[in-house]
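Per-entry structural report
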Amino acid sequence: MPCYLFTYHGHGTWMPDRTRGYVKRKAGIQPQNLEMAANYRRNQQQPTVEFDLTLQSILIDGIRAACEMIEVRCHCIATDRSHLHILASWKPNRKQLSVSRAIKSSLSRRLNKRFGHRQWFSKGSSHKQVRDMAHFNHLIEVYLPNHRGASFTEKTCES
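Residues numbered from 1 in each chain as written. Predicted model: local features only at pLDDT ≥ 70, side-chain atom pairs only at ≥ 80, totals over all residues. Heavy atoms only, no water.

**A look at the pattern of salt bridges**
Threshold: Salt bridges, as used here, are contacts in which a Lys or Arg side-chain nitrogen is within 4 Å of a carboxyl oxygen on Asp or Glu. Only DSSP runs of H or I covering at least 4 residues are called helices, and only runs of E covering at least 2 are called strands; the numbering of each starts at the N terminus.
All chains considered together, the criterion is met by four salt bridges. Residue Glu-50 is joined to Arg-81 by a salt bridge in which the shortest nitrogen-to-oxygen separation is 3.3 Å. Here the residue Glu-50 occupies a position in the loop between α1 (34-43) and α2 (53-69), and Arg-81 occupies one in the loop between β4 (73-79) and β5 (83-89), the gap between them amounting to 31 residues.

Written out as structure tokens, the structure is:
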């Protein structure tokens, strides 16, 4: 059964001026670049999206609904002002990119309906396969709980 950690960033939140660097599509993690960040901001056509507690709650509800609709098991959701993570698994007849796109599209439609049309997320997403049970447990017990926003775990069924 495939199990992945999906990450979606708010539009305009993962800029090249981050101290820890940034991710450039198809090139991976890049070092901090202040000039590139200034270029990105100059060319940014819509405002930066930060996920406040209201949006975090709407996103969690939307993820859970989307996962149920597409028959994906949502183990955990962790949010922050700039991004969110989803730890999910499903029957092996679907590719991770298909699952990731379905969830992200569902979230965008939900947010557009409630707040008006705009670009909510950065292009693409991260989808890292969970290697084994030790990796899964680390994500559930250490990595995801360290996020500062609202969260959901199927273990407690609390959000």
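**Considerations on the environment of Ile-77**
Rules: Contact between two residues is taken to exist if any of their heavy atoms lie within 4.5 Å; hydrogens are not considered.
With respect to the helices and strands, the residue Ile-77 is situated in strand β4. Considering only alpha carbons, one finds Ile-77 and Ala-88, eleven residues apart in sequence, at a separation of 8.9 Å. Apart from residues lying up to four places away in sequence, Ile-77 is in contact with Ile-60, Ile-63, Arg-64, His-85, Ala-150, Ser-151 and Phe-152.

**Some remarks on the pairing of β5**
Formally: Burial classification: accessible surface area is computed with a 1.4 Å probe over protein chains only, and a residue below 20% of its type maximum counts as buried, one above 50% as exposed, and the rest as partly exposed. At least two DSSP bridges between two strands are needed for those strands to be called paired.
Counting buried positions over the seven residues of β5 gives seven, a clear majority of the element. Burial of the side chains of β5 extends over both faces: His-83, His-85, Leu-87 and Ser-89 are buried on one face and Leu-84, Ile-86 and Ala-88 on the other. Inspection of the sheet shows strand β1 (residues 3-9) paired to β5 by seven bridges, in the antiparallel sense. Bridging across to β5, Thr-7 finds its partner in His-85. Across six bridges, the pairing between β4 and β5 is antiparallel. Looking at β5, one finds that Ile-77 is bridged to Ile-86.

**With respect to the sheet that holds β5**
Here is the rule we go by: Every angle, taken between N-to-C directions, lies between 0 and 180 degrees, and every axis is a line fitted to C-alpha atoms, over only the stretch in contact when it is a helix.
The strand order β6-β1-β5-β4-β7 describes an open sheet built from five strands, whose pairing is antiparallel. Both outer strands of the open sheet, β6 (126-129) and β7 (151-153), are each paired with one neighbouring strand and no more. When strand polarity is set aside, the average angle formed by the axes of neighbouring strands in this sheet is 20°. Across three bridges, β4 lies against β7 in antiparallel orientation. Its bridge partner being in β7, Ala-78 is matched across the sheet by Ser-151. Lying on the sheet, α2 is in contact with β4, β5 and β7; it crosses β4 at an angle near 165°. Strand contacts of helix α4 (residues 133-143): β1, β4, β5 and β6, with the helix running at about 145° to β5, the strand carrying the most contacts.

**Quick look at helix α3 (residues 96-115)**
Our working rule: Under the convention used throughout, the expected extent of a helix is 1.5 Å for every residue step, that is, one less than its residue count.
Spanning 20 residues, α3 covers 28 Å between terminal C-alpha atoms, matching the ideal 28 Å at 1.5 Å per step. Those residues of α3 that sit buried are Val-99, Ser-100, Ile-103, Lys-104, Ser-106, Leu-107, Leu-111 and Asn-112. Backbone geometry just downstream of α3 places Gly-116 in the positive-phi region, at approximately 100°.

**Focus on the environment of Arg-131**
The residue Arg-131 is located in the loop between β6 and α4 in this model. Taking the C-alpha atoms as reference, Arg-131 lies 24 Å from Glu-68; in sequence the two are 63 residues apart.

**Re the packing of aromatic side chains**
Centre-to-centre distance and the angle between the planes together describe a pair of aromatic rings. Stated formally: Only rings of Phe, Tyr and Trp enter the pairing, Trp through its six-membered ring, and a pair is recorded when the two centres are within 6.5 Å. The plane angle decides the type: under 30 degrees is stacked, over 60 is edge-to-face, the rest tilted. Sitting over a ring, as applied to charges here, requires NZ of Lys or CZ of Arg to be within 6 Å of the ring centre and within 35 degrees of the ring normal.
Inspection of the entire model under this criterion finds seven aromatic pairs. Linked through ring pairs, Tyr-4, Phe-6 and Trp-90 together constitute an aromatic cluster. Against the face of Trp-14 rests Arg-18, its NZ or CZ located 3.6 Å from the ring centre. Against the face of Trp-120 rests Arg-118, its NZ or CZ located 5.0 Å from the ring centre.

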